[in-house]
Amino acid sequence: MVAEAKKREIKEAHKRKRIMRERFKQEESIASAMVIWINEILPNWEVMRSTRRVRELWWQGLPPSVRGKVWSLAVGNELNITPELYEIFLSRARERWKSFSETSSDNDIEGISVADREASLELIKLDISRTFPSLYIFQKGGPYHDVLHSILGAYTCYRPDVGYVQGMSFIAAVLILNLEEADAFIAFANLLNKPCQLAFFRVDHSMMLKYFATFEVFFEENLSKLFLHFKSYSLTPDIYLIDWIFTLYSKSLPLDLACRVWDVFCRDGEEFLFRTGLGILRLYEDILLQMDFIHIAQFLTKLPEDITSEKLFSCIAAIQMQNSTKKWTQVFASVTKDIKEGERNSSPPLKS
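Residues numbered from 1 in each chain as written. Predicted model: local features only at pLDDT ≥ 70, side-chain atom pairs only at ≥ 80, totals over all residues. Heavy atoms only, no water.

From N to C terminus, the protein chain includes 19 helices and two strands. Within the protein chain, the proportion of its 352 residues that are buried is 45%. Sequence-distant contacts in the protein chain: of pairs separated by 6 or more residues, those separated by 24 or more amount to 72%. Surface exposure of the protein chain reaches about 19,400 Å², of which carbon and sulfur atoms provide 54%. (Helix = DSSP H or I, 4+ residues; strand = E, 2+ residues; numbered from the N terminus. Buried < 20%, exposed > 50% of the residue type's maximum accessible area, 1.4 Å probe, protein only. Contact = heavy atoms within 4.5 Å. Areas by Shrake-Rupley, 256 points an atom, 1.4 Å probe, with all protein chains shown as cover.)

Before going further, it helps to examine the pattern of salt bridges. Tallied over the entire structure, the rule returns ten salt bridges. The salt bridge involving R53 is made with E40; its shortest N-O contact spans 2.9 Å. Highlighted residues: R53 in helix α3 (residues 52-59) and E40 in helix α1 (residues 2-41), separated in sequence by 13 residues. Since its relative accessible area comes to 44%, R53 is described here as partly exposed. Taking the relative accessible area as the measure of exposure, E40 reaches 33% and is therefore partly exposed. Across the pair D268 and R267 runs a salt bridge whose closest N-O atoms are separated by 2.7 Å. Accessibility expressed as a relative area gives 17% for R267, which makes it buried. Shared partners join several salt bridges into a network, and the residues in it are R55, R267 and D268. (Salt bridge = Lys/Arg side-chain N within 4 Å of Asp/Glu carboxyl O.)

Turning our eyes to something else, we now look at the side chain of E216. Of note, E216 is situated in helix α11 (residues 205-222). Setting aside chain neighbours within four positions, we find E216 in contact with F227, K231 and P237.

Here we come to α11. Between its terminal C-alpha atoms α11 stretches 26 Å, which fits the 26 Å expected from 18 residues at 1.5 Å a residue. Among the residues making up α11, those that are buried are M208, K210, Y211, F212, T214, F215, E216, F218, F219 and N222. (Expected span 1.5 Å × (residues − 1).)

Across the protein chain, the average pLDDT comes to 89, with 88% of residues at 70 or higher. Here residues 103-111 scores under 50 on pLDDT; set against residues more than four positions off or in separate chains, the count is twelve contacts. (pLDDT = per-residue confidence, 0-100.)

Let us now look at the packing of helix α15 (residues 270-283) against helix α18 (residues 309-318). The N-to-C vectors of α15 and α18 enclose an angle of 110°; their axes lie 8 Å apart at closest approach. If you check the angle between α15 and α18, you find them roughly perpendicular. Considering how the two elements wind past one another, α15 and α18 form a crossing that is right-handed. Along its contact with α15, which presents F272, R275, T276, G279, I280, R282 and L283, the element α18 presents K311, L312, F313, C315, I316, A317 and A318. Taken together, the residues of the contact of α15 with α18 sort by class into nine nonpolar, two polar and three charged. (Axes fitted to C-alpha atoms, helices over the stretch in contact; angles between N-to-C directions. Parallel < 35°, antiparallel > 145°, perpendicular 65-115°, else oblique. Left-handed = near helix turned anticlockwise from the far one by under 90°. Nonpolar A, V, L, I, M, F, W, Y, C, P; charged D, E, K, R; others polar.)

Here the focus is unusual backbone geometry. The phi torsion of most residues other than glycine is negative, and most of the peptide bonds are trans. Positive phi, close to 50°, is recorded for V203, a residue that is not glycine. Turning to its location among the elements, V203 is positioned in the loop between α10 (195-201) and α11. Its relative accessible area of 40% is what places V203 among the partly exposed residues.

Once that is clear, we can look at the packing of aromatic side chains. A complete count under the given rule lists 31 aromatic pairs for this structure. Between W71 and W262, the ring centres sit 5.1 Å apart and the planes meet at 40°, which makes this aromatic pair tilted. Remark: W262 occurs in helix α14 (residues 255-268) and W71 occurs in helix α4 (residues 64-75); sequence separation between them is 191 residues. Side by side, W71 and W262 carry an identical accessibility label, which is buried. On the basis of an interplanar angle of 25° and a centroid distance of 5.7 Å, the ring pair of F218 and W328 is categorised as stacked. Note that F218 is positioned in helix α11 and W328 in helix α19 (residues 328-346), a separation of 110 residues in sequence. An identical accessibility class is assigned to F218 and W328; each is buried. The side chain of R260 reaches across the aromatic face of F313, ending 3.9 Å from its centre. (Phe/Tyr/Trp six-rings, centres within 6.5 Å; stacked < 30°, edge-to-face > 60°. Lys NZ or Arg CZ within 6 Å of the ring centre and 35° of its normal.)

What follows is the structure, given as structure tokens:
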């Protein structure tokens, strides 16, 4: 009995030592990468960003100290938003919060009803309390609660055509953890203006279907057995992909791992979001093949918490984003063309 306990104690001590060694090694690696990013890459961003060396370093994950800066540079600012512009829309949001309880006879502002915009602001309040609840920092009274509220409120006034959609709070929260307030807003607005995010947040069904159809081409190519298993249950990508795309995996994966997915998403664009989805399916393929429709849907809605960066990224790396020499953008274009032709052929002939 004593000998068994001693054995267990020695085993645990070895395990702790191994974990400490790995952590120390990881910290050393991050420190040396940080020096390269700060001294070599960031000062020469435009020249170096696409080089093989930088892309390989990027794949390994960005050091937390430069993560926000790199994300900002990679996302860009096509919308030309300034910190001053953010303050203007934040003031508008605050005015709206102030008059929130008052009724207005003005039924339409810039094509968006007051009721719609107020519903957006009410939904923000509700959603903030559900954003990373275990961290507490975004909850009422937490250090980032007001900042998150400000960014989301300002966005609904900046883009009333989009408004607030559930899932946005997670994206804004991740940016707040890595950037100053105004920079987080600039990155947030530009990120949501990308074609894929705009399609999902505007709930543009025809565009979403094109993304799902393109995803399925690569799903069948990479994981044919699982693809057929899903097909046999009529399990379509929208069942699990929507939540992943809406929150850019920040709700589905542990935060540190989600940030690493964001790193490469900022490098590779929308394609990487779908590649990550396939990586997750590959990682759990054996388990998923044993499940039925309900259990698959439940499993993919709440992924195991012990998912590790190493395992997931080795599965993502094994996913080939090429279909018969066609890359993601080419497959997406050809799917779009096929859908358009299908719609044309199925539409009734015009009466003369």
